[in-house]
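Each chain, letter by letter, is given below.
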Amino acid sequence: MTTATLERPRTSLLTALSDTFFRQPKLLTLLLLLPPLLWIGVVYVGSLFALLLQSFYSLDDFSGLVNHQFTLSTYAQLFEEANLQIILRTVLMAALVTLASAIIAFPIAYYAARYARGWTKALFYLAVMMPLWSSYLVKVYAWKLILAKEGILTWMAEGLHLKWLLDGILALPVIGGPSLSFSYIGTFLVFVYVWIPYMILPTQAALERVPSNYLEAAADLGADPRQTFNTVIFPLALPGIIAGSIFTFSLTLGDYIIPQIVGNSRLMIGQAVYTLQGTAGNIPLAAAFAVVPMAIMGVYLWMAKRMGAFDVL
Amino acid sequence: MSSDAKAVGSKKAGSPLGLRIAAITGLLFLHLPLALIILYAFTTEERSFQFPPPGYTTKWFGVAWYERPDIWPPLYLSLKVAAIATLMALVLGTLAAAALSRAKFFGRETISLLFILPIALPGIITGISLRSAFDIMGLDFSVWTIILGHATFCIVVVYNNAIARFRRLSGNLIEASMDLGADGFQTFRYVILPQIGSALLAGGMLAFALSFDEVIVTTFTAGQQSTLPIWMLSELIRPRQRPVTNVVAVFVIFVTLIPILAAYYLTREGEHTGGASK
């Protein structure tokens, strides 16, 4: 009687299919993986190759048409003085933004990871997630309001009798400008603001994995808080900070909207790509410019992987 | 005698004042700018960002609704793109997560890196790459060129949400279901789906919010079409009635806020899913 149920013939096509999958788990994995892999492979990786291909074409200066012949001359154009400056400026900005984000994010992440409990923990999480997911353009716009010459910062500076300080900062060479919304300081502030949640979350994830008995052990062995921080907490948090820096660095390298809305007229890589592909119609040079952040991020990701940053993501 | 124990206890419970101040200042830095957007939607000054606003009015909400027909077509386009891209991402992202969570095979790490690549690389690279590909293939811009780009980075969001849940899925429950005679499809329908459902919904909502708001990739794939973020960008560069832009911004804040809160609620609940504790 019991054997009868066990040997019940399975006739339905679906059941047969299900049995096949059970006996051949690899087949199921393959079938599951195929559609998304094809999508990413064809649409995304395919497009990346299209980008690479375009970067080896060149623009005919006389006709303004793209010359579909393999050449390295477009890449050579990247090394012209003006273009090289664009690249250096962008990389420097990305590095500074990353550094500032790491410094501002750390106390928030540390507090959320070690002291926030129960409802404060939820509050901290939401307080970071909401700005992360809320509209990018709205955030940039908010800073246009704050940094405007007639805006809240100027008003506050006047109220606190610190107008001289604001004017002094704006008078600084290179980083100053006619108002904060037309200066590098403004661009920098907006970048830090917009990307900082990307730094907080992985840093917090790394800090949450630091077992509290490590800290007790450090204290038992006579380390003062500073030593505990330098030798235990910070090294263990570093993979998280590096994971966060992947985002802050990469996003700053490629952004063209923030420097366009808040900033001076000197271009960054993203703006160069955008203008070249648009009005200028020079897709080859735009593509070559876009390969720069790709190459930089390739090296960056490789280094991050070696330092264990991917385990935190 | 309890002073020692108390000292240790208080060290655990309380946080250093400096740290608390730094954390709270940081959080304020994250939130005050958004409050300002809302304030400026009520200002009577339409040419500059004068602070404090010279007067307050609610007329801009009416102006945005009745007198600015240019807002509606971009809004419809954004909703359409976000809906279709989210659906595509839900299917593809879930499949990818299911496959990569269930088996270890050669090249798995590389493939999972591949799925994260669209958000790890700057958006402009996705944008200019798609633009180059359209150019080479001679493809004209359409709604579908926008969706193509959006679906690609929305997959990542769904994938991330789904894979986290798949990893927590207890193998015991699936084996039990098989032992009780369910075939693979029944197991999926009655055991797996109820457990991953809320994670998929959360991923879908985040994907929708992301697509609704996307501008960096979209400007490269839209041609002459205008989504709501593109409309907003053009208003930022060439402002007409600044407070109307704020009204739209307030609307966008709420449209994106709802899915974020819902997604948080759904994934938080998910931590108590049956069989989650391994």
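The structure presented is a predicted model; accordingly, all values stated were derived computationally and were not measured. (Residues numbered from 1 in each chain as written. Chains lettered and ligands numbered in written order. Predicted model: local features only at pLDDT ≥ 70, side-chain atom pairs only at ≥ 80, totals over all residues. Heavy atoms only, no water.)

Per the secondary structure count, chain A includes 15 helices and two strands. Taken over the C-alpha trace, chain A has a radius of gyration of 26 Å; the compact-globule value for 313 residues is 20 Å, which it surpasses by more than 25%. Over its C-alpha atoms, taken along the principal directions, chain A stretches across nearly 95 × 70 × 35 Å. A burial count over chain A gives 51% of its 313 residues as buried. (Helix = DSSP H or I, 4+ residues; strand = E, 2+ residues; numbered from the N terminus. Rg over C-alpha atoms; globule rule 2.2 N^0.38 Å. Buried < 20%, exposed > 50% of the residue type's maximum accessible area, 1.4 Å probe, protein only.)

Right, let's talk about the overall build of chain B for a bit. Across its full length, chain B carries 12 helices and zero strands. N-terminal to C-terminal, the α/β element order of chain B is α-α-α-α-α-α-α-α-α-α-α-α. The C-alpha atoms of chain B give 24 Å as radius of gyration, which overshoots the globular expectation for 278 residues (19 Å, by more than 25%). Once the C-alpha set of chain B is aligned to its principal axes, its extents read approximately 75 × 70 × 30 Å. Looking at the 278 residues of chain B, the share that counts as buried comes to 50%.

Here we come to the environment of A:Leu72. Relative to the elements of secondary structure, A:Leu72 occurs in the loop between β2 (66-67) and α4 (73-78). As a C-alpha pair, A:Leu72 and A:Ile152 span 80 residues in sequence and 50 Å in three-dimensional space.

When pLDDT is low, close inspection of the predicted coordinates is not appropriate. Residues and elements named next belong to chain B. For chain B, per-residue confidence averages 82 on the pLDDT scale, and residues scoring 70 or more make up 91% of the total. Ranking the elements of chain B by mean pLDDT puts helix α1 (residues 3-13) last, at 40, and helix α4 (residues 72-102) first, at 92. Contacts of residues 1-13 to residues separated by more than four positions or lying in other chains number four contacts, the stretch itself having pLDDT below 50. Overall, residues 270-278 carries pLDDT values under 50, and its contacts beyond four positions in sequence, including any with other chains, amount to 16 contacts. (pLDDT = per-residue confidence, 0-100. Contact = heavy atoms within 4.5 Å.)

Our focus in this paragraph is the domain arrangement of chain B. Residues and elements named next belong to chain B. Here chain B is partitioned into domain 1 (3-59) and domain 2 (70-266). Opposite the 11 residues of domain 1 that make contact, domain 2 presents nine residues. Both faces combined, the contact of domain 1 with domain 2 buries some 840 Å², and carbon together with sulfur accounts for 66% of it. The interface formed by domain 1 and domain 2 contains zero salt bridges. Our count for the contact surface shared by domain 1 and domain 2 stands at one residue pair in polar contact (both at pLDDT 80 or more). Among the residues forming the side of domain 1 that touches domain 2, the class breakdown is six nonpolar, two polar and three charged. (Domains from an automatic or database assignment. Buried area = accessible area lost by both parts, 1.4 Å probe. Salt bridge = Lys/Arg side-chain N within 4 Å of Asp/Glu carboxyl O. Polar contact = N/O pair within 3.5 Å; in protein donor to acceptor, adjacent residues only side chain to side chain. Nonpolar A, V, L, I, M, F, W, Y, C, P; charged D, E, K, R; others polar.)

Moving on to a nonpolar patch on the surface. All names here are of chain A. On the surface, Trp155, Met156, Leu160, Leu162, Trp164, Leu165, Ile169, Leu172, Val174 and Ile175 cluster together into a nonpolar patch covering about 940 Å² of accessible area. Counting only elements with at least two residues in the nonpolar patch, the list comes to α8 (152-159) and α9 (163-171). The element contributing the most residues to the nonpolar patch is α9, with three residues. Within the secondary structure layout, Trp164 lies in helix α9. By relative accessible area, Trp164 is classed as exposed at 59%. (Patch = residues over 30% accessible without salt bridge, like charges linked within 9 Å, V, L, I, M, F, W, Y side chains within 5 Å. Areas by Shrake-Rupley, 256 points an atom, 1.4 Å probe, with all protein chains shown as cover.)

We now examine empty space enclosed by the protein. Taken as a whole and assessed by the stated rule, the structure comprises three cavities of 30 Å³ or more. Roughly 50 Å³ of internal volume is contained in the largest cavity. Surrounding the largest cavity, A:Ser135, A:Leu137, B:Phe212, B:Asp213, B:Leu228, B:Pro229, B:Met232 and B:Val252 form its lining. At the level of elements, α9 (184-213) and α11 (228-237) of chain B are the ones that each hand at least two residues to the lining of the largest cavity. (1 Å grid on protein atoms, 1.4 Å probe; cavity = no way out; pocket = protein on both sides within 12 Å on 5 of 7 lines; lining within 4 Å. Points joined across faces, edges and corners; volume = space filled by probe spheres on them.)

Bringing unusual backbone geometry into the picture now. Residue and element names in this part refer to chain A. Unlike most non-glycine residues, His161 shows phi in positive territory, near 60°. In this fold, His161 is placed in the loop between α8 and α9. You can call His161 exposed: its relative accessible area is 65%.

Let us look at the interface of chain B and chain A. Of the residues lining the interface, 88 residues belong to chain B; the matching set on chain A comes to 82 residues. When chain B packs against chain A, close to 8000 Å² is buried across both sides, 80% of that on carbon and sulfur atoms. On the chain B side of the contact with chain A, B:Phe29, B:Leu30 and B:Phe49 bury the most area, a combined 8% of that side's loss. Here chain B and chain A share zero salt bridges between them.

If you look at the biggest cluster of nonpolar residues, it comprises 168 residues, and the most contacted ones within it are A:Tyr136, A:Ile257, A:Val273, A:Phe289, B:Ile37 and B:Phe115. Looking at which element gives the most residues to this core, the answer is helix α5 (residues 81-114) of chain A, with 15 residues. Residues lining this core come from more than one domain, with at least three contributed by each of domain 1 (3-59) and domain 2 (70-266) of chain B. When sequence neighbours within four positions are dropped, the list of residues in contact with A:Tyr136 reads A:Val194, A:Trp195, A:Asp255, A:Ile257, A:Ile258, B:Asp213, B:Val215 and B:Ile216. One finds A:Leu132, B:Ala202, B:Ile260 and B:Ala263 within the second-largest nonpolar core, a separate group that totals nine residues. (Core = buried A, V, L, I, M, F, W, Y, C linked by side-chain atoms within 4.5 Å.)

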